[in-house]
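# Geometric and topological summary
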Amino acid sequence: MLKNIQAVIFDLDGTLVDSMWLWHDIDVEFLEKRGLTLPKTYQHDIEGMSFTETAVYTKELFQLSESVEELKEIWNRMAIEKYTYEVPFKPGAELFLKHCRQQNISLGIATSNSRELVKAVSSSLHLNDYIQEIVTSCEVKRGKPAPDVYLEAAARLGTAPCQCLVFEDVPMGILAGKNAGMQVCAVEDKFSAAQRAEKRKLADYYITNYGEILEHTYETLFSGSKVRRA
């Protein structure tokens, strides 16, 4: 999987860190305070959208009085404590980050989340010890599945798209990586379990945890076995 790869770029939520669980509760709480009910398709409908695009969509969908910037500020306040104290790495992720740095592979994050929440979890998990560049979809023209955020991350890392490997947890993100001309590894996450078949179809590889990559790497080094395509 890492052959000829010069840079690895991660989506954040549900991919590098285990955080998707908190957004359902935030969405329900936010809407209930306004006498509204969370539509069953809401998470699917906003999949891939930047933080700003999500605010625009939500404002229009529910005809909210708050401005887009006010909505973003509210969501940041509701989530900041959990991102600071309760969001962990996905299984095996930190060891994989260390392995990549030992192999002189550049590392980046390309996320649809807000810069404020990325900073919170980065501080908590010391992501800056590993990650060289962080790009949010609010900093580019279009959110996922457009390739913009991944192309910007690759440019900042000084790496050609064909030498980048993307890790993603949802179909819109996988498509963003593919549209950028990059290889993509889908990551198991229980909050996208219903999309597992679609994720496998779209991605070049599929893992349930990052330890699988290290296991295959060591098997290749010490027994001559080949890394299997997921």
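The structure under discussion appears in the preceding block.
Let us look at the structure shown here. Here the residue numbering is sequential within each chain, running from 1 through the sequence in written order. With the structure being a predicted model, the display of local features is reserved for residues of pLDDT at least 70 and the display and counting of side-chain atom pairs for 80 or more, all residues being used for whole-chain, interface and lining totals. Computation of side-chain values: all heavy atoms of the structure, hydrogens and water removed.

### Observations concerning the pairing of strand β4 (residues 164-168)
This is how the line gets drawn: The buried label goes to any residue with under 20% of its type's maximum accessible area, the exposed label to any with over 50%, and the partly exposed label to all in between, with areas taken from a 1.4 Å probe on protein chains only. Comment: elements are numbered from the N terminus, with helices defined as DSSP H or I runs of at least four residues and strands as E runs of at least two. By definition, two strands form a pair when at least two bridges between them are found by DSSP. A crossover counts as right-handed when, viewed with the strands pointing away from the observer, the path leading from the first strand over the helix to the second turns clockwise.
Among the 5 residues that make up β4, 5 are buried, leaving the element largely enclosed by the rest of the structure. The two faces of β4 match: Cys164, Val166 and Glu168 on one face and Leu165 and Phe167 on the other face are all buried. Across 4 bridges, the pairing between strand β1 (residues 7-10) and β4 is parallel. Note that in β4 the partner of phenylalanine 10 across the bridge is phenylalanine 167. In this structure, β4 lies alongside strand β5 (residues 183-187), joined through 4 bridges in parallel fashion. Paired with phenylalanine 167 across the bridge in β5 is cysteine 185. The β-α-β motif built from β4, the intervening helix α8 (residues 171-179) and the parallel element β5 has right-handed crossover chirality.

### Looking at the packing of aromatic side chains
To keep things clear, this is the line we draw: The pairing test for Phe, Tyr and Trp rings, Trp by its six-membered ring, is centres within 6.5 Å, and the orientation test on the planes gives stacked under 30 degrees, edge-to-face over 60, and tilted for anything in between.
Taken as a whole, this structure holds 12 aromatic pairs when the rule is applied. Ring geometry for phenylalanine 10 versus phenylalanine 167: centroids 5.3 Å apart, planes at 20 degrees, classification stacked. Here phenylalanine 10 is found in strand β1, whereas its partner phenylalanine 167 is found in strand β4, with 157 residues between them in sequence. Side by side, phenylalanine 10 and phenylalanine 167 carry an identical accessibility label, which is buried. An angle of 70 degrees between the planes, with centres 6.5 Å apart, marks the rings of tryptophan 23 and phenylalanine 51 as edge-to-face.

### Looking at the sheet that holds strand β2 (residues 106-111)
The cut-off we apply is this: All axes here are fitted lines through C-alpha atoms, helices being fitted over the stretch that makes contact, and every angle between N-to-C directions spans 0 to 180 degrees. In this analysis, two residues are considered to be in contact whenever any of their non-hydrogen atoms come within 4.5 Å of each other.
Taken together, 6 strands build an open sheet; the order of strands is β3-β2-β1-β4-β5-β6 and the sheet is parallel. Since the sheet does not close on itself, it has two edges, and those belong to β3 (133-136) and β6 (205-207), each with one partner. Each strand axis lies, on average, 20 degrees off the axis of its neighbour in the sheet, ignoring direction. Contacts from helix α6 (residues 115-125) reach β2 and β3 within the one sheet, and its direction differs from that of β3 by about 150 degrees. In the packing of helix α7 (residues 148-157) onto the sheet, contacts are made with β1, β2, β3 and β4, and the angle to β3 comes to roughly 155 degrees.

### Observations concerning the nonpolar core
Selection criterion: Here, nonpolar core refers to any group of buried Ala, Val, Leu, Ile, Met, Phe, Trp, Tyr and Cys residues whose side-chain atoms link them within 4.5 Å.
Ranked by size, the top nonpolar core spans 53 residues in total, and within it Val8, Phe10, Phe96, Leu127 and Phe167 carry the most contacts. By residue number, the principal contributor to this core is helix α4 (residues 68-85), which donates 6 residues. Among the nonpolar cores identified, the runner-up in size contains 20 residues, and Ala110, Leu157, Val166 and Ala180 belong to it.

### Some words on the pattern of salt bridges
Operational definition: Salt-bridge detection follows one rule: a side-chain nitrogen of Lys or Arg within 4 Å of a carboxyl oxygen of Asp or Glu.
Enumeration over the complete set of coordinates arrives at 14 salt bridges. Where glutamate 152 meets arginine 156, a salt bridge forms, and the shortest distance between an N and an O atom there is 2.8 Å. With glutamate 152 and arginine 156 both in helix α7, this residue pair falls 4 residues apart, about one helical turn. The class for glutamate 152 is partly exposed, based on a relative accessible area of 29%.

### Here we look at unusual backbone geometry
Cis peptide bonds are those with omega within 30 degrees of zero, and the linkage from lysine 144 to proline 145 qualifies with 15 degrees. On the secondary structure map, proline 145 appears in the loop between β3 and α7. One non-glycine residue with positive phi stands out, namely histidine 126, at about 55 degrees. Summarising the element assignment, histidine 126 is placed in the loop between α6 and β3.

### What to know about the pairing of β3
Bridge count between β2 and β3: 4 bridges; the pairing is parallel. Residue pairing in the sheet places threonine 111 in a bridge with threonine 136 of β3. Read from β2 through α6 to β3, the crossover connection turns out right-handed.

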